[in-house]
Amino acid sequence: MNILILGGGGREHALAWAIRQNPKCDRLIVAPGNAGIAEVAECAALDIQSRAEVLEFAQENAIDFVVIGPEAPLAAGVSDALRNAGFLVFGPSQAAAQLEASKTFTKEICDACGAPTAAWARFTDGPSARDYVTAQGAPIVVKADGLAAGKGVTVAETVEQAHAAIDLIFDGEFGEMSVVIEEFMDGEEASFFILSDGVNCLPVGTAQDHKRVGDGDTGPNTGGMGAYSPAPVLTQTLQDQVMDRIVRPTIAEMARQDMPFQGVLYAGLMIKDGQARLVEYNVRFGDPECQALMMRLGGQILDLLLACAENRLDSVSANWADDHALTVVMAAEGYPGSYVKGTAIKGLSDLPQTSFQMTFHAGTAEKDGQIVATGGRVLGCTGRGATLAEAHERAYALVDAIDWPQGFCRRDIGWRAL
Ligand code: AMP
Ligand code: GLY
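Description of the structure in this document. What you see is a predicted model, and the numbers here were worked out from it, not measured in a lab.

### Let's talk about helix H9 (residues 236-256)
- Taking 1.5 Å per residue, 21 residues should reach 30 Å; H9 reaches 28 Å between its end C-alpha atoms and fits that length.
- The largest bend along H9 measures about 45° and falls at Met243.
- Phi turns positive, to about 65°, at Asp258, one or two residues after H9.

Okay, structure coming up:
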């Protein structure tokens with residue numbers, strides 16, 4: 001079959017690498033792709049947030065299946081446009097994608113189905129939000145309600161910090177906004193990935209990531225500096241609890257409200273004293289969590305994604321090896337602030353590319369026969385092994401073989417579990 005993947009980051013490189021291994025995949029196109037993806041698929045320049053452009057491309061290229069990687073085309077309704085035209089698509093509708101795009105929407109779904117999450121209140125003006133924070137006290141969490149590229153959340157340790165975050169939101173930094181104020185939840189965070197066809201659910205892995213830029217979880221937040229799977233804190237008992245109390249009720253509530261969720265639900269969880277509460281949902285695979293998950297799942301992921309798109313998730317199961325995978329992100333100096341672009345990365349062609357060691361590209365391009373860095377997060381060195389320690393060693397062996405003076409990474413990915 002002819003498959004089109006939308007996206008051009010490390011997540012999409014991992015998806016392409018895994019899907020390519022499945023014999024059902026004849027032609028694989030990734031739009032826009034990157035220099036690493038170009039080694040396993042054709043890349044096509046395409047505005048992936050334009051419904052019309054994606055639809056026309058899918059028609060012209062006789063695409064049989066479209067896999068949507070990032071949240072922006074989902075929030076833009078690209079999946080609806082494709083489905084309405086008869087294409088088979090992996091990825092939720094624009095309405096269902098509100099589970100990521102709108103904090104208020106998610107909180108209302110949680111309330112409607114009784115899923116445990118932080119207590120919350122929503123405000124559309126600064127003074128009422130400030131008064132509420134003053135009454136509640138700190139620590140407290142302030143969230144801009146809308147897609148803010150992960151930058152709209154402030155975990156405030158003091159009332160003053162919370163007030164400052166509220167002022168910033170209503171000063172227009174994020175455009176027209178409302179604010180959600182949440183109870184601060186203490187505990188250990190982990191991520192749980194579940195496929196759903198709108199009715200049935202199939203867990204496809206757990207992971208933990210490292211959001212801060214520096215070793216020891218210090219410095220500013222990033223999109224993620226590394227991840228590992230599985231997450232030891234998400235025991236089978238806890239996974240069952242999350243499926244029963246959070247995931248299945250959410251999927252049922254979405255169907256009840258006529259917005260069936262079809263795609264991957266990424267549940268961000270806070271775990272304390274053997275109980276899990278929902279922090280947030282995303283409606284896509286995590287990046288770099290996806291790189292670790294795809295190393296563990298391999299080519300079978302295509303069968304699972306197809307079953308999901310064809311509403312027959314109850315007819316498949318995931319085959320798990322008792323293994324571990326770990327991804328170390330290499331970023332350009334300066335990230336997550338302003339960073340250098342266009343620096344040359346050497347040594348990539350000598351690296352092993354196996355089911356135990358893969359270097360996924362996130363922000364690269366080929367220029368005059370060289371691979372150059374084009375983004376903040378640039379590479380995801382991923383190792384798989386029988387133990388997390390082995391996966392860790394294999395991932396860092398890749399890092400150490402890469403010659404890129406302007407790049408950096410955290411040296412402590414996986415510390416909590418190792
Ligand atoms: P979100 O974009 O909602 O995932 O928030 C980003 C990060 O902020 C999460 O991964 C948590 O680390 C933190 N966070 C969000 N909401 C809460 C909360 N209610 N209590 C504690 N930490 C939170
Ligand atoms: N790594 C976090 C995310 O993909 O949102």
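Moving on, there is more to tell.
### Quick look at the site of ligand 2
- Close contacts around ligand 2 come from Asp209, Gly223, Tyr266, Arg284, Gly286, Asp287, Pro288 and Glu289, and that covers them all.
- Between ligand 2 and Asp287 there is a distance of 2.9 Å, counted from an oxygen atom to a backbone nitrogen or oxygen.
- Alone, ligand 2 offers 200 Å² of accessible surface; in the complex the protein occludes 87% of this.
- Looking at the shell around ligand 2, its residues break down into 2 nonpolar, 2 polar and 4 charged.

### What about the sheet that holds strand S21 (residues 370-373)?
- In spatial order, the strands read S18-S21-S20; together these 3 strands make up an open sheet with antiparallel pairing. Where the open sheet ends on each side, the last strands, each with one partner, are strand S18 (344-345) and strand S20 (364-367).
- Both S20 and S21 contribute to a ladder of 4 bridges, which runs antiparallel. Residue pairing for S21: Ala365 is matched across the bridge by Val372.

### Some thoughts on the site of ligand 1
- Residues in contact with ligand 1 amount to 15 residues; listed here are only the nearest, Lys143, Glu182, Met185, Glu189 and Glu280.
- Met185 places a main-chain nitrogen or oxygen 2.8 Å from a nitrogen atom of ligand 1.
- Residue Lys211 places a side-chain N or O atom 3.2 Å away from an oxygen atom belonging to ligand 1.
- Coverage of ligand 1 by the protein chains reaches 88% of its 470 Å² of free accessible surface.

### Notes on the packing of helix H7 (residues 126-136) against helix H8 (residues 159-170)
- Contact pair H7 / H8: the axes reach a minimum separation of 10 Å and the direction vectors enclose 165°. With respect to H8, the axis of H7 lies roughly antiparallel. Note that H7 runs across H8; the crossing there is right-handed. Contacts from Gly126, Ala129, Arg130, Val133 and Thr134 in H7 reach Val159, Ala162, His163, Ile166, Asp167 and Phe170 in H8.
- Per-class residue counts for the contact of H7 with H8 are 6 nonpolar, 3 polar and 2 charged.

### Description of the environment of Val340
- In this structure, Val340 sits in the loop between strand S17 (324-332) and S18.
- Relative accessible area serves as the criterion here: at 37%, Val340 is assigned to the partly exposed category.
- In sequence terms Val340 and Gln406 are 66 residues apart; their C-alpha atoms lie 7.8 Å from each other.
- Residues contacting Val340, with those up to four places away along its chain left out, are Ala332, Glu333 and Gln406.

### A short note on the pattern of salt bridges
- Overall, the coordinates contain 22 salt bridges when judged by the stated rule.
- The partner of Glu183 in a salt bridge is Arg277, and the shortest N-O contact between them spans 3.1 Å. Residue Glu183 is located in strand S9 (residues 179-183), and its partner Arg277 is located in strand S16 (residues 275-282); the two are separated by 94 residues in the primary sequence.
- Taking relative accessible area as the criterion, Arg277 reaches 26% and is therefore assigned partly exposed.

### Considering the side chain of Asn282
- The topology assignment puts Asn282 in strand S16.
- Of note is the side chain of Asn282, whose polar atom sits 3.2 Å from the side chain of Glu280.
- In this structure the side chain of Asn282 is engaged in a polar contact, spanning 3.4 Å, whose partner is the side chain of Arg284.
- In this structure Asn282 touches Glu100, Val264, Leu265 and Tyr266, once residues within four positions along its chain are discounted.

### Here's the deal with helix H12 (residues 388-401)
- Helix length check: H12, at 14 residues, gives a terminal C-alpha distance of 20 Å against a target of 20 Å (1.5 Å per residue), a fit within 8%.
- Along H12, the residues that are buried comprise Leu388, Ala391, Ala395, Tyr396, Leu398 and Val399. The buried residues of H12 all sit within an arc of 145° when viewed along its axis, so they share a single face. Summarising the geometry of H12, the exposed residues directed more than 90 degrees from the buried face are Glu393 and Asp400.
- Against strand S14 (226-229), S17, strand S19 (357-361) and strand S22 (377-385) lie the buried residues of H12.

Definitions and cut-offs
- Residues numbered from 1 in each chain as written.
- Chains lettered and ligands numbered in written order.
- Predicted model: local features only at pLDDT ≥ 70, side-chain atom pairs only at ≥ 80, totals over all residues.
- Heavy atoms only, no water.
- Helix = DSSP H or I, 4+ residues; strand = E, 2+ residues; numbered from the N terminus.
- Expected span 1.5 Å × (residues − 1).
- Bend = angle between axes of the 7 residues up to and from the residue.
- Near = heavy atom within 4 Å.
- Polar contact = N/O pair within 3.5 Å; in protein donor to acceptor, adjacent residues only side chain to side chain.
- Areas by Shrake-Rupley, 256 points an atom, 1.4 Å probe, with all protein chains shown as cover.
- Nonpolar A, V, L, I, M, F, W, Y, C, P; charged D, E, K, R; others polar.
- Pairing = 2+ DSSP bridges.
- Axes fitted to C-alpha atoms, helices over the stretch in contact; angles between N-to-C directions.
- Parallel < 35°, antiparallel > 145°, perpendicular 65-115°, else oblique.
- Left-handed = near helix turned anticlockwise from the far one by under 90°.
- Contact = heavy atoms within 4.5 Å.
- Buried < 20%, exposed > 50% of the residue type's maximum accessible area, 1.4 Å probe, protein only.
- Salt bridge = Lys/Arg side-chain N within 4 Å of Asp/Glu carboxyl O.
- Arc of directions from axis to C-beta.

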